[in-house]
Amino acid sequence: MTLKSRPLVSVLRIGLINYNTGLQLQKMLSNQSIDHHRWDFHNYLILQEHKPVYTIGIRRQDYIEEDEKRLRKLGAEFYRTNRGGLITFHGPGQLVAYPIIHLQQFTPSMRWYVSALEELIIRTCRELGIAEATRTEHTGIWVKDRKICAIGVHGSRYITTHGIGLNCCTNLKWFEHIVPCGIEGKGVTSLSEQLDRRVTVEESIEVLLKMFAEVFQCQLCEENNNT
């Protein structure tokens, strides 16, 4: 694939926002007219952090109203979403990356897309010095029996929303109040914990962008966040 034929993806660095603001931004960017040719779709990669929030995906049957009230009392928000997966936590120090892309510009397969996200995080972790980061039979990316990155996506008419949550310097105590992604007996970790130094979201973004261009075979273009 030549450079000119590679899809263009605009990068939006949003910073720290509440979860609902992020949802509305995803909705706005993904609701481009489907009447246009797939190559007219404007692809985006949203990079952000969220204020403390617990979110549940489409497999939400294990969490009832009492659980929601309990988690809100901790000082976090709570949202039920249309992404795949069970419950997880987003908060400051976690890099949340949402690719809003048209898969027909890449590979028209959600299976391929999830695999590409996994490869993206594995390469990012390894570039930062965590060689053990890998896939398992469970979703997400793991370092031994601890999850370092959650993956939960949604696709409609080849357009993707939601994405990944990579723990950089996240306060991992928030995860103690849930069973992350519904997997019993497993823990969570972060880049900072694994590397025994503070790894910021900003540092992680630079590595992730490099790996995103490689894995997705695309051109990246930085945009301001006034979208």
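The structure we're discussing is the one just above.
Residues numbered from 1 in each chain as written. Predicted model: local features only at pLDDT ≥ 70, side-chain atom pairs only at ≥ 80, totals over all residues. Heavy atoms only, no water.

## Things to note about the overall build of the chain
Next up, step 1: Across its full length, the chain carries five helices and 12 strands.
Next up, step 2: Burial status across the chain gives 50% buried among its 227 residues.
Next up, step 3: For the chain, restricting intrachain contacts to residue pairs at least 6 apart in sequence, the fraction spanning at least 24 positions comes to 75%.
Next up, step 4: Per element, the accessible surface of the chain, about 10,900 Å² overall, is 48% carbon and sulfur. (Helix = DSSP H or I, 4+ residues; strand = E, 2+ residues; numbered from the N terminus. Buried < 20%, exposed > 50% of the residue type's maximum accessible area, 1.4 Å probe, protein only. Contact = heavy atoms within 4.5 Å. Areas by Shrake-Rupley, 256 points an atom, 1.4 Å probe, with all protein chains shown as cover.)

## Regarding the sheet that holds strand 5 (residues 88-90)
Next up, step 1: The strand order across the open sheet built from three strands is 4-3-5, with neighbouring strands paired in mixed fashion. Edge positions in the sheet fall to strand 4 (77-80) and strand 5, since each of these pairs with one other strand and no more. Looking at each pair of strands side by side, their axes are set apart by 25° on average, direction ignored.
Next up, step 2: Here four bridges tie strand 3 (residues 53-56) to strand 4, and the two strands are oriented parallel to one another. Within the sheet, the bridge partner assigned to Val-53 lies in strand 4 and is Glu-77.
Next up, step 3: Running at roughly 30° to strand 4, helix 1 (residues 19-30) makes contact with strand 3, strand 4 and strand 5 of the sheet.
Next up, step 4: Across the sheet, helix 2 (residues 65-72) is in contact with strand 3 and strand 4; its angle to strand 4 comes to roughly 145°. (Pairing = 2+ DSSP bridges. Axes fitted to C-alpha atoms, helices over the stretch in contact; angles between N-to-C directions.)

## Observations regarding the environment of Leu-8
Next up, step 1: Turning to its location among the elements, Leu-8 is positioned in strand 1 (residues 8-17).
Next up, step 2: Residues Leu-8 and Trp-39, spaced 31 residues apart in sequence, show a C-alpha to C-alpha distance of 9.7 Å.
Next up, step 3: Leaving out residues up to four positions away in the same chain, Leu-8 has contacts with Asn-43, Gln-219 and Cys-221.

## What about the nonpolar core?
Burial of nonpolar side chains together is a common tendency in soluble globular proteins.
Next up, step 1: In terms of nonpolar packing, the biggest core is built from 40 residues, with Leu-47, Ile-121, Ile-148, Ile-164, Leu-166, Leu-191 and Phe-216 touching the most fellow members.
Next up, step 2: Within the second largest apolar cluster, 14 residues are counted, among which are Leu-12, Ile-14, Ile-46 and Tyr-98. (Core = buried A, V, L, I, M, F, W, Y, C linked by side-chain atoms within 4.5 Å.)

## Quick notes on helix 3 (residues 110-128)
Next up, step 1: In this model helix 3 runs 27 Å from its N-terminal to its C-terminal C-alpha over 19 residues, within 8% of the 27 Å that 1.5 Å per residue would give.
Next up, step 2: Every buried residue of helix 3 is accounted for by Tyr-113, Ala-116, Leu-117, Glu-118, Leu-120, Ile-121, Ile-122, Thr-124, Cys-125 and Leu-128.
Next up, step 3: The N-cap residue of helix 3 is Ser-109: its side-chain oxygen and the backbone nitrogen of Arg-111 are 3.3 Å apart.
Next up, step 4: Taken from the residues just after helix 3, Gly-129 is the one with a positive phi, measuring 115°. (Expected span 1.5 Å × (residues − 1). Polar contact = N/O pair within 3.5 Å; in protein donor to acceptor, adjacent residues only side chain to side chain.)

## Some words on the packing of aromatic side chains
Next up, step 1: Applying the stated criterion to the full structure yields nine aromatic pairs.
Next up, step 2: Both rings, one in Tyr-54 and one in Phe-89, keep their centres 5.3 Å apart while their planes meet at 55°; by these two values the pair is tilted. Here Tyr-54 is found in strand 3, whereas its partner Phe-89 is found in strand 5, with 35 residues between them in sequence.
Next up, step 3: For the pair Phe-89 and Phe-175, a centre-to-centre distance of 5.5 Å together with 80° between the ring planes defines the contact as edge-to-face. With a gap of 86 residues between them, Phe-89 in strand 5 and Phe-175 in the loop between strand 10 (159-167) and strand 11 (187-188) connect regions that are remote in the sequence. Of the two residues examined, Phe-89 and Phe-175, each falls in the buried class.
Next up, step 4: Cluster of aromatic residues (ring-pair linked, three or more members): Phe-106, Trp-112, Tyr-113, Phe-212 and Phe-216. (Phe/Tyr/Trp six-rings, centres within 6.5 Å; stacked < 30°, edge-to-face > 60°.)

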